[in-house]
Amino acid sequence: MTIVEALQKKQLLFDGAMGTQLQKRGLPIGGQPEYFNLTHPEVVQEIFEEYVAAGADVVTTNTFQANATKIPSEELPTIIETAVKIARLAHPRFVAYDMGPIGQLMAPMGTLTFDRSYELFKEQALLAEQAGADVVILETMADLLETKTAILAIKENTSLPVFATLTYQEDGRTFVGTDPLTATLTLQGLGVDALGVNCSLGPKELLPVVETILSVAKIPVMVQANAGLPEMENGQTVYRISVKEYTTAVSLLLEKGVRIVGGCCGTTPEFIKNLREVVDKQPLVQTVPKTVTALTSGLETVIIDDKLTLIGERINPTGKKKLKEALRNKDLAYILKEAIAQKEAGADILDVNVGLPEIDEAAMMTKVVQELQGLISLPLQIDSSDVSAIEAGVRYYNGRPLINSVNGKQSSMEAIFPIAKKYGGVVLGLCLDASGIPETAEKRLAIAEKIVKTAENYGIGKESVMIDPLVLTASAQQEQVQVTLETLRLLKQKLGVHTVVGLSNVSFGLPNRELLNGAFLANAVGAGLDAPIMNPLSDFMMSMVRSLKVFNHQDVDSTNYIAHEQHAKISVGASSEKNDKATQTNGETLDLKQMILSGRKELTATETKRLLETLEPLTIVNEFFIPALDEVGRKFEAGTLFLPQLMQSAEAVKNAQEILKERLLKEGAKAESQGKILLATVEGDIHDIGKNIVKMILENYGFDIVDLGKDVSIDEVVATVRAQEIQLVGLSALMTTTVQNMKATIQAVRKADLTPKFMVGGAVLNEEYRDFVGADYYAKDALEAVSIAQKVFK
């Protein structure tokens, strides 16, 4: 019986923590656990045997960090083979190969590319299968795109089942901002066999996250919680949740329908023993998840329901001379401008079509998708008549896209449905076939029914298919406009699918096109249209949309409608005088602050050069850099902006700062420093994602950073503080075990009669740990580090 088959019959119990068990048995602070498989196999086996004796069905190999960025590739085969072998010697029902994140930020936030991430996971997956693992468990993932690369690497190169669990913070989102609804819809679309949450919090605190996952998960849900958050007691890391509290909380999760449970940090064989009793008594619960038509990005979900959902049409070269020119010149700035403008105007989804016969459409689609998803959070519609371009866009897309399109031709369905099934997209079906577009609503409905039925044969449910009845021009085929409207009614009445229409076709060749588009929109919504593809930059069309949202009760109490009308009245007669602090870019007026706020890193250098013609560098910093960064910080703290956007804004400032530095260097001057700060990840800790983010943000605010990197010795910190007269030191640690080295580093600096201030941060840190290590400040994130630095340097 496979592990997937076993899940259909009974809940499964995984083991508990490995790291804390190894530390109790001699793993040194900062030591790499994977090497214990070679040096102390009997210790690792003993831990597995204790978990199996306690009742664990599944043990998880000691391979969390076994990737080629942490362990040389030539050593990986031996370590992974040995790790699986040791797990087998404990005689569990199943062995899960443990695969953690790479430990680097994915591009564009960082330097880890999609393809490099894929190769790193592929290397492990092949070795895990060869060694005899039963399943791969992706644990403690935070980046949805990185998780996608791992899933594809495993599924495309092995036959192993995949379980995927993300780790969520107290705000209910992962480190990079993904919420559980978005993660669940995306991951189950990618075909994982189970999904859920591990680490971070205790089982009681994770309940809201788990309930969200269960509400839409159609596959088994998995929870491996911590025994609470780590705390310090007499110099030792402890977890406060008792076995009884943990078991009670997990019992509730099982009653709600969680199918796989186990333990993460701080749990022991005793926890698993008690969970075994609970699991044995708990009957299998069949959940009833909601069926939704949903599109996702890496940060948000758009559910298509009774409300009006707008698809922005402007990233499509048809009839757009400037966009065609931009695509030929690979000018992504123009495309990004169009995307941001549509988002700000009210689009919910963006259509992305880059089809020109003279360019490599698949390559351009890949590039545009990657750039767009690094800048905006809206879901995308991947739009092309070229199958290779569709697959390229969908593959590199971070989320669940709308795929435009498939039609009733057998060849079209055979090409598109496998892509949609593999990558988990929603398919847009067009009501045409080999005979063309039918002239009656009934025949268009028949094509739609064929598309939906064929999709089901590929394992794609009706909720993952939307239908476009197709709009013909009123100027040439006037009678067909009513056929489109009637088809919309039939699609709702007979088939029950959600609908899409490209509005602008209807008015082609006629004057006052906006008036016709608006009138048709009102008729189409009344007939059952859910998602018009339209121009959200048209004031007239958006006024129609706002009106329709009042009538369908989408705009409750007409709040947005009233607010917009009041704003419009105030704006009438306002001065159109040119702002000499702004620049005109492809018809778009932005000042430097707006460029930073929207993450337009490709524009800030040019704009800074322009401003330097009339302004001093310090004025630019104080009037543009700092206000923009402060506003980004407020949005980040409020949860309306997330790490990807924060990093894009930081990059935008960085590019502008380089221009200021060049100017000052040319003039023989030096940039005014806000203060010099030493940053280091402490000895024994090889994690530096958080430190690198802090570095970038501090540099944005004008601080000079001395970055010593990761796994930095105590002596090097002491020597650097003395040699460079450092006034503020920032120390980072991800693991509770290396917190001791943080304390030792601070003590050594002070013992050397050096008096810098210390701020500390990292995933496991809190005020209690700050007090334990003897630091002056605890920085919960990069923006808090800025506040501390400003306080220290006044």
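Residues numbered from 1 in each chain as written. Predicted model: local features only at pLDDT ≥ 70, side-chain atom pairs only at ≥ 80, totals over all residues. Heavy atoms only, no water.

Engineer: Would you mind showing me how to read the overall build of the chain here?
Structural biologist: Within the chain, the regular secondary structure consists of 30 helices and 27 strands. Counting only C-alpha atoms and orienting by the principal axes, one finds that the chain spans roughly 85 × 75 × 50 Å. For the chain, the computed accessible surface area is about 32,400 Å², with 50% contributed by carbon and sulfur atoms. In the chain, 78 side chains carry a positive charge and 101 a negative one; their mean positions are 2 Å apart. (Helix = DSSP H or I, 4+ residues; strand = E, 2+ residues; numbered from the N terminus. Areas by Shrake-Rupley, 256 points an atom, 1.4 Å probe, with all protein chains shown as cover. Lys, Arg positive; Asp, Glu negative; His and termini not counted. Charge placed at Lys NZ, Arg CZ, Asp CG, Glu CD.)

Engineer: Explain the pattern of salt bridges to me, please; I cannot follow it from the model alone.
Structural biologist: A side chain with one charge can pair with a side chain of the opposite charge if their charged atoms come near. Per the stated rule, a full pass over the model turns up 30 salt bridges. Note that Arg395 is salt-bridged to Glu156, the shortest N-O span being 2.7 Å. Remark: Glu156 occurs in helix α7 (residues 144–157) and Arg395 occurs in helix α15 (residues 387–396); sequence separation between them is 239 residues. A relative accessible area of 16% places Arg395 in the buried class. Under the relative-accessibility criterion, Glu156 is labelled partly exposed at 31%. (Salt bridge = Lys/Arg side-chain N within 4 Å of Asp/Glu carboxyl O. Buried < 20%, exposed > 50% of the residue type's maximum accessible area, 1.4 Å probe, protein only.)

Engineer: How should the side chain of Asn198 be read in this particular structure?
Structural biologist: Summarising the element assignment, Asn198 is placed in strand β6 (residues 194–198). Asn198 gets classed as buried once you look at its relative accessible area, which sits at 0%. A polar side-chain atom of Asn198 sits 2.7 Å from the main-chain amide nitrogen of Thr140. Here Asn198 is in contact with Glu139, Thr140, Thr165, Leu166, Thr167, Gln224 and Cys264, once residues within four sequence places are set aside. (Polar contact = N/O pair within 3.5 Å; in protein donor to acceptor, adjacent residues only side chain to side chain. Contact = heavy atoms within 4.5 Å.)

Engineer: Looking at this structure, how should I read the state of the cysteines?
Structural biologist: Each disulfide consists of a covalent bond between the sulfur atoms of two cysteine residues. Within the structure shown, the criterion is met by zero disulfides. Its sulfur unpaired, Cys264 is 4.0 Å from the next cysteine sulfur, which belongs to Cys199. According to the relative accessible area criterion, Cys264 is buried, its value standing at 11%. (Disulfide = S-S within 2.5 Å.)

Engineer: I would appreciate a short explanation of the sheet that holds strand β4 (residues 135–141) in the present structure.
Structural biologist: Sheet strands associate in pairs through backbone hydrogen bonding, adopting either a parallel or an antiparallel arrangement. The parallel open sheet is built from eight strands, whose spatial order is β1-β10-β7-β6-β5-β4-β3-β2. Looking at which strands have only one partner, the edges of the open sheet turn out to be β1 (12–13) and β2 (58–60). By the bridge criterion, four bridges tie β4 to strand β5 (residues 162–166) in an arrangement that is parallel. Its bridge partner being in β5, Ile137 is matched across the sheet by Phe163. Across the sheet, helix α6 (residues 114–131) lies against β3 (94–99) and β4, angled at about 165° from β3, the strand it touches most. Set on the sheet, helix α10 (residues 243–256) makes contact with β7 (221–225) and β10 (260–263); between it and β10 the angle comes to about 165°. (Pairing = 2+ DSSP bridges. Axes fitted to C-alpha atoms, helices over the stretch in contact; angles between N-to-C directions.)

Engineer: In this structure, what is going on with the packing of α10 against helix α11 (residues 269–281)? I would like to understand it.
Structural biologist: For any two helices packed against each other, the geometry comes down to the angle between their axes and how far apart the axes lie. Running from amino to carboxyl end, α10 crosses α11 at an angle of 35°, the nearest separation of the two axes being 10 Å. The crossing of α10 and α11 is right-handed. Between α10, through Val243, Tyr246, Thr247, Val250, Ser251 and Leu254, and α11, the contact on the second element is made entirely by Glu270, Phe271, Asn274, Leu275, Val278 and Val279. A per-class count over the contact of α10 with α11 returns eight nonpolar, three polar and one charged. (Left-handed = near helix turned anticlockwise from the far one by under 90°. Nonpolar A, V, L, I, M, F, W, Y, C, P; charged D, E, K, R; others polar.)

Engineer: Is there a simple way to explain the nonpolar core in this structure?
Structural biologist: Soluble globular proteins: nonpolar side chains tend toward being buried together. Counting residues in hydrophobic clusters, the biggest one holds 139 residues, and the most contacted among them are Tyr97, Leu138 and Leu187. For Leu187, the residues in contact, after removing those within four places along its chain, are Leu144, Thr147, Ile151, Ala164, Leu166, Val192 and Leu195. Residues Leu611, Ala656, Val694 and Leu783 belong to the second largest nonpolar core, which totals 50 residues. (Core = buried A, V, L, I, M, F, W, Y, C linked by side-chain atoms within 4.5 Å.)

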